[in-house]
Amino acid sequence: MKYIGTIVNTKGTSGSIFVGEVPSAVEKIRKGATLKIGFSENFGKTFTLKHWKKNSKGAILDIEGINSKELASTLKEQGVFCSQEDIIRDTRKPYFDDELLDFIVVNVDDETEIGKVIDYWQLPANDVILVQTEKGELPIPMIEDVIDFIDEESMVIGIIPMDGLFDLVNGNDEKDDEDDEIQD
């Protein structure tokens, strides 16, 4: 099952719930999908989805058996989990944050290995993969101008580095010797 988001509030008086932090890869969840709601997938209660509507801040869900604001309120701050088969993916944002972890990133210009994906960030402008390199952590935007290919079978992401990309490495704290000198 995939994490869909956290219930942050109720909506209206009929028991609708608002889910925040919805992964950008999720366009919709099929009507009738089985959901687990709880503080973890393993300890969640099973529910059936009646209706799903995504908006820019998350999604509004109607769930069978949750028909009042009071019942919906009991679910606040709990996670929502769903089977991958019931998720309709957004083809423009095809990955969940955990699906690219441990992929190797290579420079397609010179075929050198840059590092390994250690995190995936969903940001308003575009998603970003965080790559652990020899010099530190490098954020790489998931945009067409940079991502050349993603080979899921080989777990390799090929990038076309844009100017200044490698200047973004965090952890490269080399100090200029002149700055360290103490002058009398």
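Residues numbered from 1 in each chain as written. Predicted model: local features only at pLDDT ≥ 70, side-chain atom pairs only at ≥ 80, totals over all residues. Heavy atoms only, no water.

Undergrad: I'm lost on the confidence of the model for the chain in this one. Help?
TA: Any region with low pLDDT has predicted coordinates that should not be read closely. Here the chain averages 87 in pLDDT, and 90% of its residues register 70 or above. Note that residues 174-184 has pLDDT below 50 and, in this model, one contact with residues that lie over four places away or in other chains. (pLDDT = per-residue confidence, 0-100. Contact = heavy atoms within 4.5 Å.)

Undergrad: It is not clear to me how the environment of Tyr95 should be interpreted in this structure. Could you clarify?
TA: Within the fold, Tyr95 resides in the loop between strand S8 (87-89) and strand S9 (104-107). We classify Tyr95 as buried; its relative accessible area is 11%. Among all residues touching Tyr95, those that are not within four sequence positions of it are Ala25, Arg89, Leu100, Tyr120, Ile150 and Glu152. (Helix = DSSP H or I, 4+ residues; strand = E, 2+ residues; numbered from the N terminus. Buried < 20%, exposed > 50% of the residue type's maximum accessible area, 1.4 Å probe, protein only.)

Undergrad: Explain the sheet that holds strand S6 (residues 58-63) to me, please; I cannot follow it from the model alone.
TA: One key point about sheets: their strands pair by backbone hydrogen bonds, in either a parallel or an antiparallel sense. The strand order S1-S2-S6-S5-S4-S7 describes a closed barrel built from six strands, whose pairing is antiparallel. Looking at each pair of strands side by side, their axes are set apart by 45 degrees on average, direction ignored. (Pairing = 2+ DSSP bridges. Axes fitted to C-alpha atoms, helices over the stretch in contact; angles between N-to-C directions.)

Undergrad: What should I look at first to understand the side chain of Thr133 in this one?
TA: If you trace the backbone, Thr133 turns up in the loop between strand S11 (128-132) and strand S12 (137-141). At 2.7 Å, the side chain of Thr133 and the backbone oxygen of Gly136 are in polar contact. What Thr133 contacts, discounting residues up to four positions off in sequence, is Ile114, Leu138 and Val169. (Polar contact = N/O pair within 3.5 Å; in protein donor to acceptor, adjacent residues only side chain to side chain.)

Undergrad: Is there a simple way to think about the side chain of Lys2 in this case?
TA: Looking at the element boundaries, Lys2 is found in strand S1 (residues 2-11). Residue Lys2 is classed as buried on the basis of its relative accessible area of 12%. Leave out the neighbours within four places in its chain, and Lys2 touches Val80, Phe81, Cys82, Gln84, Ile87, Phe96, Asp98 and Glu99.

Undergrad: Just to check I follow, could you spell out unusual backbone geometry for this structure?
TA: Most of the time, phi is negative for any residue but glycine, and the peptide bond is trans. In the Ramachandran plot, Glu77 falls in the positive-phi region, its phi being about 70 degrees despite a non-glycine side chain. Assignment of secondary structure puts Glu77 in the loop between helix H1 (69-73) and strand S7 (79-82). Overall, the relative accessible area of 64% leaves Glu77 in the exposed class. With a phi close to 55 degrees, Met155 is a non-glycine residue in the positive phi region. Within the fold, Met155 resides in the loop between strand S13 (147-151) and strand S14 (156-159). Its relative accessible area of 35% is what places Met155 among the partly exposed residues.

Undergrad: Honestly, the nonpolar core in this entry has me stumped. Any pointers?
TA: For soluble globular proteins, the rule of thumb is that nonpolar side chains tend to be buried together. In this structure, Ile29, Trp52 and Leu61 are the most contacted members of the largest nonpolar core, which totals 24 residues. Within the residue set of this core, elements represented by two or more residues are S1, strand S2 (16-20), strand S3 (26-29), strand S4 (34-38), strand S5 (45-55), S6 and S7. If sequence neighbours within four positions are ignored, Trp52 has contacts with Ile4, Val22, Val26, Glu27, Lys28, Ile29, Ala59, Ile60 and Leu61. Within the second largest apolar cluster, 18 residues are counted, among which are Val131, Leu138, Met142 and Leu165. (Core = buried A, V, L, I, M, F, W, Y, C linked by side-chain atoms within 4.5 Å.)

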